[in-house]
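# Reading the structure
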Amino acid sequence: MGLNPEEVSSIIKKEVQSYETKLEMESVGTVLQVGDGIARIWGLEDAMMSELIEFPNNIMGLVLNLEEDNVGAAIFGSANDIKEGDTVRRTGKVAQVPVGDALIGRVVNPIGQPLDGKGPIVTDKFRILEGNAPNVVQRQPVKEPVQTGLKAIDSMIPIGRGQRELIIGDRQTGKTALAIDTIINQKGGDIFCIYVAIGQKASTVAKVVKILEGFGAMEYTTVVAANASDPAPMQFIAPYAGCTMGEEFLYTGRHAVVIYDDLSKHAQAYRQLSLLLRRPPGREAYPGDIFYLHSRLLERAAKLKDDLGGGSLTALPVIETQAGDVSAYIPTNVISITDGQIFLESDLFFSGIRPAINVGISVSRVGGNAQTKAMKKVAGSLRLDLAQYRELAAFAQFGSDLDEVTQRQLTRGEKMVELLKQGQYVPMSLSRQVMIIWNGVNGYLDNIPTKRIADYEKGFSEFCAQKFPDIEHAITKEKDLSADTIAKLKQAVEQFKEQFVKK
């Protein structure tokens, strides 16, 4: 069969017309040194700070150091699969994580990969890891409360939406329990929760997830876990990943609370990275920018103006102290960045006062503005009463003859301390807190034996739910204590005390 030259020439013409010369340039580098989650790379002259780079086997890294002749990068994954001489490619992208409703109810690692075995996370929304904090003009003052369900906090150290409230204390004083109670208390509300576990045992994180599932709290919660076995770079980006996921709610006009548990381990992970990158060590071997590490994270918590959607992101960072030393380097840094702190004391914890909150040191600098009128009315003098009680109790140990006024103050203080005790994972509604604190502040518990106060509290709540349900309903609806509600409360207390004393 002979070839038709015209056909051949027409095919060649078509091919020539459609042929395009493309010159593709790719920026690549070579691994000089690798180990301990850090790689030094030669040849990436045009790499950007915080840019994602790709190692062999689909392992990603983050550029942290830009030096004259090499680039220092943190590796997200196992460094065992990377060796000297490997080729590294730029991606041209800044580190980002998946965000959105697809992450609600999931347990993920800091780069958004699922850890719960529930399949892939399907979302087309991504946000950059190190986003800018809202500026002064975009914010509005804190004026709505985040109810924790804990009497001691909601009454004396209230937390507002958009606030940054530090939870600080020694190990095993109930810091995580306080955070979990806050998450559980958001059930049925409009606040989404993000729990960031940094450098904790995998078994501890699994326990937290199980508790949250048991209370139905995973329906509105995302858990970001960088476990103790994960490399330092993963622990370093974990809080930023959690904050970025929370910002999706903030910028879509919704409300979120992010718990960073804990930032002491985060600072240690960053110190490890910095020393390996040969940055000069400062105080306690931490790098000079350790303050900036946490300030740029916590500054992203905000309450946006209404014309920007009115969303809020509340940050609850956790810091672990050594032997109650709040004046150490990292604790003082974080205290100066936050809007107040809840200090948990081991002496109080072991003496049975739980939550073990030291009222003297703990403070909320803006949360009082967000407190409901009802709680303000009943808890106004509570903090002062407790502070005076502590002082008098110290003096009372030395003297036996006390005047009547002092005796009354000591009795009142003792009852209030007992009243503010609360079991784990049993958060209370605002209305019930107001009702029981009103009892204590107005002296209705002064003649009740201290041991029976817990029974009184439980019985009174049940009694009101049956006989006076409109009291709770009125407080919930009005968020205030009207004269009518107070009159009903007095009536309820008189009727209940009559039958309680007879028991």
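Look above for the structure.
One structure accompanies this document, and this report is about it. Within each chain, residues carry numbers counting from 1 in the order of the written sequence. Selection of residues for local features in this predicted model requires a pLDDT of at least 70, selection of side-chain atom pairs for listing and counting requires 80 or more, and totals for whole chains, interfaces and linings are taken over all residues. Side-chain numbers come from the whole structure's heavy atoms, not from hydrogens or water.

Before going further, it helps to examine the sheet that holds strand β1 (residues 28–35). Any two strands with at least two DSSP bridges between them are considered paired. Each helix is a run of DSSP H or I of at least 4 residues and each strand a run of E of at least 2, with the numbering of both proceeding from the N terminus. Spatially, six strands are ordered β1-β2-β5-β4-β3-β6 in a closed barrel, and the strand pairing comes out antiparallel. Taken pair by pair, the neighbouring strands of this sheet meet at an average axis angle of 45°, ignoring direction. Here β1 runs beside strand β2 (residues 38–42); their pairing, made up of five bridges, is antiparallel. Along β2, the bridge assignment pairs Gln 33 with Arg 40. Whenever a helix is involved, its axis is fitted only over the stretch in contact; in every case the axis is a line through C-alpha atoms, and angles between N-to-C directions fall within 0 to 180 degrees.

Here we take up the nonpolar core. Nonpolar cores were defined as sets of buried Ala, Val, Leu, Ile, Met, Phe, Trp, Tyr and Cys residues, with membership established by side-chain atoms within 4.5 Å. A 1.4 Å probe rolled over the protein chains alone gives each residue an accessible area, and that area as a share of the maximum for its type sets the label: buried under 20%, exposed over 50%, partly exposed in between. Formed by 134 residues in total, the largest nonpolar core has its most connected members in Leu 212, Phe 236, Tyr 260, Tyr 456 and Phe 460. Considering each element in turn, this core owes the most residues, eleven residues, to helix α5 (residues 232–250). Leaving out residues up to four positions away in the same chain, Leu 212 has contacts with Ile 180, Ile 183, Ile 184, Ala 217, Met 218, Thr 221 and Val 223. Of all hydrophobic cores here, the second largest spans 15 residues; its members include Val 31, Val 63, Ala 73 and Val 88. Contacts are assigned to residue pairs that have any heavy atoms within 4.5 Å of one another.

On to the pairing of strand β18 (residues 340–344). Counting buried residues along β18, five of its five residues qualify, which places the element largely inside the surrounding structure. Residues Gly 340, Ile 342 and Leu 344 point to one face of β18 and Gln 341 and Phe 343 to the other, with burial holding for every one of them. Where strand β12 (residues 166–169) meets β18, four bridges bridge the pair, whose relative direction is parallel. Paired with Ile 167 across the bridge in β18 is Ile 342. Taken together, the two bridges between β18 and strand β19 (residues 363–364) define a ladder with antiparallel strand orientation. Note that in β19 the partner of Gly 340 across the bridge is Ser 364.

Okay, the pattern of salt bridges next. In what follows, salt bridge is the name for a side-chain nitrogen of Lys or Arg lying within 4 Å of a carboxyl oxygen of Asp or Glu. According to the stated counting rule, one finds 25 salt bridges in the structure shown. Between Arg 90 and Asp 46 there is a salt bridge; the shortest N-O distance is 3.4 Å. Taken as a pair, Arg 90 in strand β6 (residues 87–94) and Asp 46 in the loop between β2 and β3 (51–54) lie far apart in primary sequence, 44 residues in all. A salt bridge links Arg 254 to Asp 101; its shortest N-O distance comes to 3.1 Å. Within this pair, whereas Arg 254 is found in the loop between α5 and β15 (255–261), its partner Asp 101 is found in the loop between β7 (96–98) and β8 (107–108), the two being separated by 153 residues in sequence. Connected via shared salt-bridge partners are Arg 139, Arg 164, Glu 299 and Asp 339.

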